[in-house]
Amino acid sequence: MIIDGKKIAAEIRAEAAAAAAELSRAGAPPGLAVVLVGDNPASLSYVAAKERACAACGIRSFPVRLPADATQERLLAEVARLNADPAVDGILVQLPLPRGLDEQAIIRAIDPAKDVDGFHPVSLGRLVIGLDTFVPCTPAGIVELLLRSGVDPAGKHAVVVGRSNIVGKPVAALLARKARGGNATVTLCHTATPDLAAFTRTADILVVAAGRPGTVGAGMVKPGAVVIDVGVNRVPDPARASGYRLVGDVDFDAVASVASLVTPVPGGVGPMTIAMLMSNTVKAARLRRRP
Ligand code: GUN
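In short, a report on the structure. Every chain is numbered independently, its residues counted from 1 as its sequence is written. Per-residue local features of the predicted model are confined to residues with pLDDT of at least 70, and side-chain atom pairs are confined, for both listing and counting, to 80 or more; whole-chain, interface and lining totals are unaffected and use all residues. Side-chain descriptors were evaluated using all non-hydrogen atoms of the structure, hydrogens and water having been removed beforehand.

1. Digging into the environment of Lys 7
Helix numbering and strand numbering both begin at the N terminus, where a helix is a DSSP run of H or I of at least 4 residues and a strand a DSSP run of E of at least 2. In this fold, Lys 7 is placed in helix α1 (residues 5-25). Along the primary structure Lys 7 and Gly 268 are separated by 261 residues, whereas in three dimensions their C-alpha atoms are 9.3 Å apart.

Now the structure itself:
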């Protein structure tokens, strides 16, 4: 069976919209600043989708566009301005940043109270030690997909492929956490893992975030496993007007016949990332308005 990320994301966006409407009625609509540096085509499309989602949810969006040759100081000044702006509840700096900019220094400059991406070391540290925090959107979306598909990770063996700061490491921490959506036994595999298949075949829940098409084929999946494909890869396709199509990291058709549940690309994890961003923005707004 296919996990319908579009449908589950729509449910979460509707919940965020209801919360945003309540905040607006109280006189202060939630606001998200969306910072894009340069014109990376994938980033442009993600940022546009995030701003459309804000509009659909009743969240104000504050677009910030800087040229690809913007300096570190310029970007830091922009972040400082957004930190100080009371109408801005959340700050998102789209990654990756153009070469020459220090991504980690920019992330550290964001006020953790506005860190709706959950990438600040304070947010990630709180996640690891089990405190309430902003959970990074893609990992949070993966856990929501599982729970809303009737899959409780508790007691299961979850294998994560990929150790990025944005997905692999935080999703491993989230699945291992002593909390709802956690309590799994977690194995984190990466490029230095010998015999990846030996690990993936033992997974009840397999999260693939390697960034490489064809990372997981049918022979690497235990029958009945739940497979979450986080990959978003553009492959050339002359039959499309855009000249490309999106594929995940998993051989979808082959794996779908072995797994009990699998996410498609597109329409699986992708829409969840944006839905969780809406949800985190509403959460930031509520926390900031607490007396
Ligand atoms: N680049 C890839 N994924 C993300 C994300 O979730 N947030 C931001 N800001 N940049 C990204």
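2. What to know about the site of the ligand
Here a residue is considered near a molecule or strand provided that any single heavy atom belonging to it is located within 4 Å of it. The full set of residues close to the ligand is Lys 50, Leu 92, Val 93, Gln 94, Leu 95, Asp 117 and Phe 119. Measuring from a nitrogen atom of the ligand, one finds a side-chain N or O atom of Gln 94 at 3.4 Å. Side-chain atoms alone can form a polar contact between residues adjacent in sequence; in general such a contact is a pair of N or O atoms within 3.5 Å, and within protein one must be able to donate a hydrogen while the other accepts it. In this structure, Leu 95 approaches the ligand through a main-chain N or O atom, which is 2.9 Å from a nitrogen atom. What sets the accessible areas is the Shrake-Rupley method with a 1.4 Å probe; for residues, cover comes only from the shown protein chains. Look at the ligand: alone it shows 280 Å² of surface, and the protein chains cover 85% of it. Judged by the fraction of its atoms near the pocket grid, the ligand is located in the largest pocket. By the convention adopted, Pro, Cys, Tyr, Trp, Phe, Met, Ile, Leu, Val and Ala count as nonpolar, Lys, Arg, Asp and Glu as charged, and the other residues, Gly among them, as polar. Broken down by class, the residue content of the shell around the ligand amounts to four nonpolar, one polar and two charged. The way it works is a 1 Å grid over only the protein atoms, where trapped points that fit a 1.4 Å probe form a cavity and open points with protein on both sides within 12 Å along at least five of seven lines form a pocket, and then any residue with an atom within 4 Å of a point lines it. Should more than half of a molecule's atoms lie within 2 Å of a pocket's or cavity's grid points, that molecule is taken to sit in it.

3. Here we look at the packing of aromatic side chains
Pairing of aromatic rings covers Phe, Tyr and Trp, the last through its six-membered ring, and needs centres within 6.5 Å; plane angles under 30 degrees mean stacked, over 60 mean edge-to-face, and all others mean tilted. Within the structure shown, the criterion is met by zero aromatic pairs. By definition, being over a ring means that NZ of Lys or CZ of Arg is both within 6 Å of the ring centre and within 35 degrees of the ring normal. Over the ring of Phe 134 we find Lys 283; its NZ or CZ atom is 5.8 Å from the centre of that ring.

4. Remarks on helix α3 (residues 72-84)
Over its 13 residues, α3 extends 18 Å from the first C-alpha to the last, a length consistent with the 18 Å expected when each residue adds 1.5 Å. Turning to α3, its buried residues number three or more, namely Gln 72, Leu 75, Glu 78, Val 79 and Leu 82. One face of α3 carries all of its buried residues, which in axial projection span an arc of 130°. Turned more than 90 degrees away from the buried face of α3 sit Glu 73 and Ala 84, all of them exposed. Any two residues whose heavy atoms approach within 4.5 Å at even a single point are treated as in contact. Packing partners of the buried residues in α3 comprise β1 (31-37), β2 (60-66), β3 (90-93) and α4 (103-109). A helix is expected to reach a length of 1.5 Å times the quantity of its residues less one. Working definition: with a 1.4 Å probe on protein chains only, accessible area under 20% of the residue-type maximum means buried, over 50% means exposed, and in between means partly exposed. When we speak of the arc, we mean the arc of directions from the helix axis to the C-beta atoms.

5. A closer look at the sheet that holds β1
Two strands qualify as a pair provided DSSP detects at least 2 bridges between them. Pairing in this open sheet of three strands is parallel, and the strands run β2-β1-β3 from one edge to the other. Here the strands that pair on one side only, and so sit at the sheet edges, are β2 and β3. Sheet twist, expressed as the average angle between the axes of neighbouring strands with direction ignored, equals 15°. In this structure, β1 lies alongside β3, joined through four bridges in parallel fashion. What sits directly across from Val 34, in β3, is Leu 92. To obtain an axis, a line is fitted to C-alpha atoms, over the contacting stretch when the element is a helix, and the angle between two such axes runs from 0 to 180 degrees between their N-to-C directions. Of the strands in this sheet, β1, β2 and β3 touch helix α2 (residues 41-57), which is tilted by about 165° from β1.

6. Comments concerning the side chain of Thr 133
By the element assignment, Thr 133 lies in the loop between α5 (121-129) and α6 (137-148). Classification of Thr 133 by relative accessible area gives buried; the value is 9%. Here the side chain of Thr 133 touches Ser 123 through a polar contact of 3.2 Å, landing on its backbone oxygen. Ignoring any residue separated from it by four or fewer positions in sequence, one finds Thr 133 in contact with Ser 123, Arg 126, Leu 127 and Lys 283.

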